[in-house]
Amino acid sequence: MADQVQVGAPPADKVVVVPDVPLAEKPPCAAAAAKEPPPVPESEEEKPVKQKQVEDAEALETKISDAVPDGDDEEKVPQSGHYKEESTRVADLLENEKKAVEELKVLVREALNKHEFGGFAMPQQQQQQQQQPKDDSAKEEPKAEAVTETVAETKEESIAQAETGDDEENVATATVRSDAVEDDGAKTVEAIEDTIVSVSASVQPEQPPEAASKEPSDAKPNVEGKDAETVSNKVLPQEVSIWGIPLLADERSDVILLKFLRARDFKVKEAFTMLQNTIRWRKEFGIDELVEQDFGNDLEKVVFMHGFDKEGHPVCYNVYGEFQNKELYQKTFSDEEKRQNFLRWRIQLLEKSIRKLDFSPGGICTIVQINDLKNSPGLTKWELRQATKQALQLLQDNYPEFVARQVFINVPWWYLAVNKMISPFLTQRTRSKFVFAGPSKSAENLFRYIAAEQVPVRYGGLSKDGEFGNTDAVTEITVKPAAKHTVEFPVTEACLLTWEVRVVGWEVNYGAEFVPSGEDSYTIIIQKSKKVGCSEGEVVCDNFKVGEPGKVVLTIHNPTSKKKKLLYRLKTMPASA
């Protein structure tokens with residue numbers, strides 16, 4: 001989603017980042033450097049820049065090395081996440097960026113007029129000429145017939161010339177693309193090397209449409225009536241849509257073009273080439289048909305969309321630990337056909353999610369990726385690694401700037417070593433989109449970006465099926481170590497009061513009581529204080545039928561030496577309910 005949406009479990013030799021595998025924004029890629037010849041000696045002007053890059057990489061490696069687990073490892077996991085999403089309004093861009101948008105629009109307009117997107121269909125007037133009945137051609141004047149034969153011969157020569165030049169053009173296209181490929185997310189050195197090979201192999205031969213349709217100016221037939229009108233008719237511009245947005249139809253198209261420009265650092269020609277390749281790939285992959293395909297629900301727990309972050313971005317959860325299920329793993333990755341089916345399912349999920357985004361200027365057009373690394377498969381899962389690598393390649397090439405933030409939770413110690421390897425190849429802009437959190441800090445980091453009522457219960461939030469919904473706000477309170485905290489719900493009339501409470505990490509004492517306002521009334525114990533641990537339930541759901549004015553008081557006692565996050569919400573209904 002490609003600043004791109006993630007797929008599959010992240011192997012130990014790479015970081016999987018979906019389209020904003022610069023999914024949301026692409027850094028300058030070091031992919032080409034992995035297989036280039038030995039570097040030439042640096043000039044005096046290049047040395048200071050190179051030295052600065054080395055110093056930055058060493059500083060980052062030192063920071064991550066310090067984070068290697070030693071006791072309470074989750075406390076030392078490096079943090080980032082200071083990225084601020086750029087504007088999607090053209091008016092907010094810098095002057096050179098505005099110019100790039102206009103230049104790209106010109107190239108797209110020319111390509112649409114020449115039918116250069118999505119295959120190279122024969123122009124309309126040529127089809128009409130070839131489909132004319134033989135009887136009509138026999139009635140034409142000798143002069144017109146001769147001219148028609150001349151035009152046909154000229155077209156054949158032009159097509160032959162175009163085919164002769166295909167190899168050179170494809171080599172140039174592959175070279176530009178391999179040099180320009182940028183990494184929207186995190187990749188290992190192995191993934192970076194594979195990127196060059198995959199891109200070079202995936203580029204399809206291309207025939208310039210103008211070579212097939214262009215006619216010499218001196219070959220215009222001097223005919224009258226229907227034939228003259230057919231020859232003189234102009235070809236209608238091609239209509240091309242991507243993610244449901246027609247190119248150049250309205251201002252939403254500007255947002256699409258801006259994604260490709262940012263993915264290529266506002267290099268217009270490279271952005272245009274990327275757009276061409278993406279549209280071609282979408283047609284070859286059969287995206288429109290894929291969206292309607294039924295893959296079943298076996299993988300719905302592996303990758304799923306759930307809720308929104310505090311800025312309104314849809315949130316996608318990637319749960320790699322699900323593949324510890326041997327039956328599911330074999331069913332998904334045991335052979336090439338199954339791996340391709342998984343890849344198509346993952347692309348379908350991403351496509352459906354993207355088509356729900358708002359591509360109007362200023363709208364929400366990116367996704368937040370949550371990557372749960374708990375029980376993530378290790379180095380032995382070769383099939384999963386291959387599927388992940390292939391998915392990453394497709395996402396980064398065809399889904400630019402679709403990831404607003406990458407949050408990694410339940411991060412194991414070995415993952416830090418992988419991150420250490422690939423960090424020098426990432427720009428600071430890309431690294432700022434990454435957030436890492438160990439098991440004990442996962443919920444706390446999720447709450448930085450996603451409200452507790454939108455976070456699933458399994459990740460520390462209160463989002464679940466039940467009486468409360470995702471729109472019922474949750475109050476968050478920090479309970480200090482070795483301290484008590486009380487929460488009061490005042491009630492002025494008879495009603496049924498319902499509440500939910502959870503403490504992230506639990507291991508606290510919880511109690512509830514009703515305290516009437518009247519002096520002659522007695523306090524009613526709703527829940528006697530007891531110790532609640534993680535194994536006893538993650539959310540406490542309770543209610544009390546109030547018959548007189550008063551207040552319900554909840555007491556949370558934290559006897560531990562660590563602060564705790566308390567979450568709660570309540571609602572009232574008429575007493576008759």
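For the structure, check the block above.
If you're wondering where the values come from, they're calculated on a predicted model, not measured in any experiment.

Draft legend 1. Expanded view of the overall build of the chain. The helix and strand inventory of the chain stands at 18 helices and 15 strands. Expressed as a percentage of its 577 residues, the buried residues of the chain come to 49%.

Draft legend 2. How the structure looks around the sheet that holds strand β11 (residues 508–516). Taken together, four strands build an open sheet; the order of strands is β9-β14-β11-β12 and the sheet is antiparallel. Both outer strands of the open sheet, β9 (483–491) and β12 (524–532), are each paired with one neighbouring strand and no more. Looking at each pair of strands side by side, their axes are set apart by 15° on average, direction ignored. Where β9 and strand β14 (residues 550–558) come together, nine bridges link them in antiparallel fashion.

Draft legend 3. Here's a closer look at the side chain of Glu 453. Considering the arrangement of structural elements, one finds Glu 453 in the loop between α18 (442–449) and β8 (475–479). Buried Glu 453, no salt bridge; nearest opposite-charge side chain is Arg 569, N-O distance 5.9 Å. In terms of polar contacts, Glu 453 uses its side chain to reach the backbone amide nitrogen of Val 474, at 3.3 Å.

Draft legend 4. Quick peek at the sheet that holds strand β10 (residues 495–504). The strand order across the open sheet built from four strands is β8-β15-β10-β13, with neighbouring strands paired in antiparallel fashion. Edge positions in the sheet fall to β8 and β13 (540–546), since each has one partner strand and no second. Between one strand axis and the next, the sheet turns through 25° on average, direction left out of account. Pairing geometry for β10 and β13, over seven bridges, is antiparallel. Bridge assignment links Trp 499 to a residue of β13, and that residue is Asp 542.

Draft legend 5. Structural detail: the pattern of salt bridges. Within the structure shown, the criterion is met by 17 salt bridges. Of the charged contacts in the structure, one is a salt bridge between Asp 298 and Lys 331, with a shortest N-O distance of 2.6 Å. Within this pair, whereas Asp 298 is found in the loop between α12 (287–290) and β3 (303–308), its partner Lys 331 is found in helix α13 (residues 326–333), the two being separated by 33 residues in sequence. Accessibility expressed as a relative area gives 41% for Asp 298, which makes it partly exposed. Of the residues examined, Lys 331 reaches a relative accessible area of 48% and is grouped as partly exposed. Across the pair Arg 339 and Glu 336 runs a salt bridge whose closest N-O atoms are separated by 3.1 Å.

Draft legend 6. Representation of the pairing of β3 within the structure. Pairing of β3 with strand β4 (residues 314–319), which is carried by four bridges, proceeds in the antiparallel orientation. Looking at β4, one finds that Phe 304 is bridged to Tyr 317. The loop that links β3 with its antiparallel partner β4 comprises five residues; one of these, Gly 312, has a positive phi angle of about 95°.

Draft legend 7. Layout of the packing of aromatic side chains. Counted by the stated rule, this structure contains 23 aromatic pairs. Between the aromatic rings of Phe 408 and Phe 436, the centroid separation amounts to 5.1 Å while the plane-to-plane angle is 10°, which identifies the pairing as stacked. Here Phe 408 is found in strand β6 (residues 403–409), whereas its partner Phe 436 is found in strand β7 (residues 434–436), with 28 residues between them in sequence. The lysine or arginine in question, Arg 344, covers the ring of Phe 285, its NZ or CZ lying 5.0 Å from the ring centre. Geometry around Phe 468 places Lys 571 over its ring, the cationic atom sitting 5.0 Å from the centre.

The rules we used
- Residues numbered from 1 in each chain as written.
- Predicted model: local features only at pLDDT ≥ 70, side-chain atom pairs only at ≥ 80, totals over all residues.
- Heavy atoms only, no water.
- Helix = DSSP H or I, 4+ residues; strand = E, 2+ residues; numbered from the N terminus.
- Buried < 20%, exposed > 50% of the residue type's maximum accessible area, 1.4 Å probe, protein only.
- Pairing = 2+ DSSP bridges.
- Axes fitted to C-alpha atoms, helices over the stretch in contact; angles between N-to-C directions.
- Lys, Arg positive; Asp, Glu negative; His and termini not counted.
- Salt bridge = Lys/Arg side-chain N within 4 Å of Asp/Glu carboxyl O.
- Polar contact = N/O pair within 3.5 Å; in protein donor to acceptor, adjacent residues only side chain to side chain.
- Phe/Tyr/Trp six-rings, centres within 6.5 Å; stacked < 30°, edge-to-face > 60°.
- Lys NZ or Arg CZ within 6 Å of the ring centre and 35° of its normal.

The values are spatial; any link to function lies outside them.
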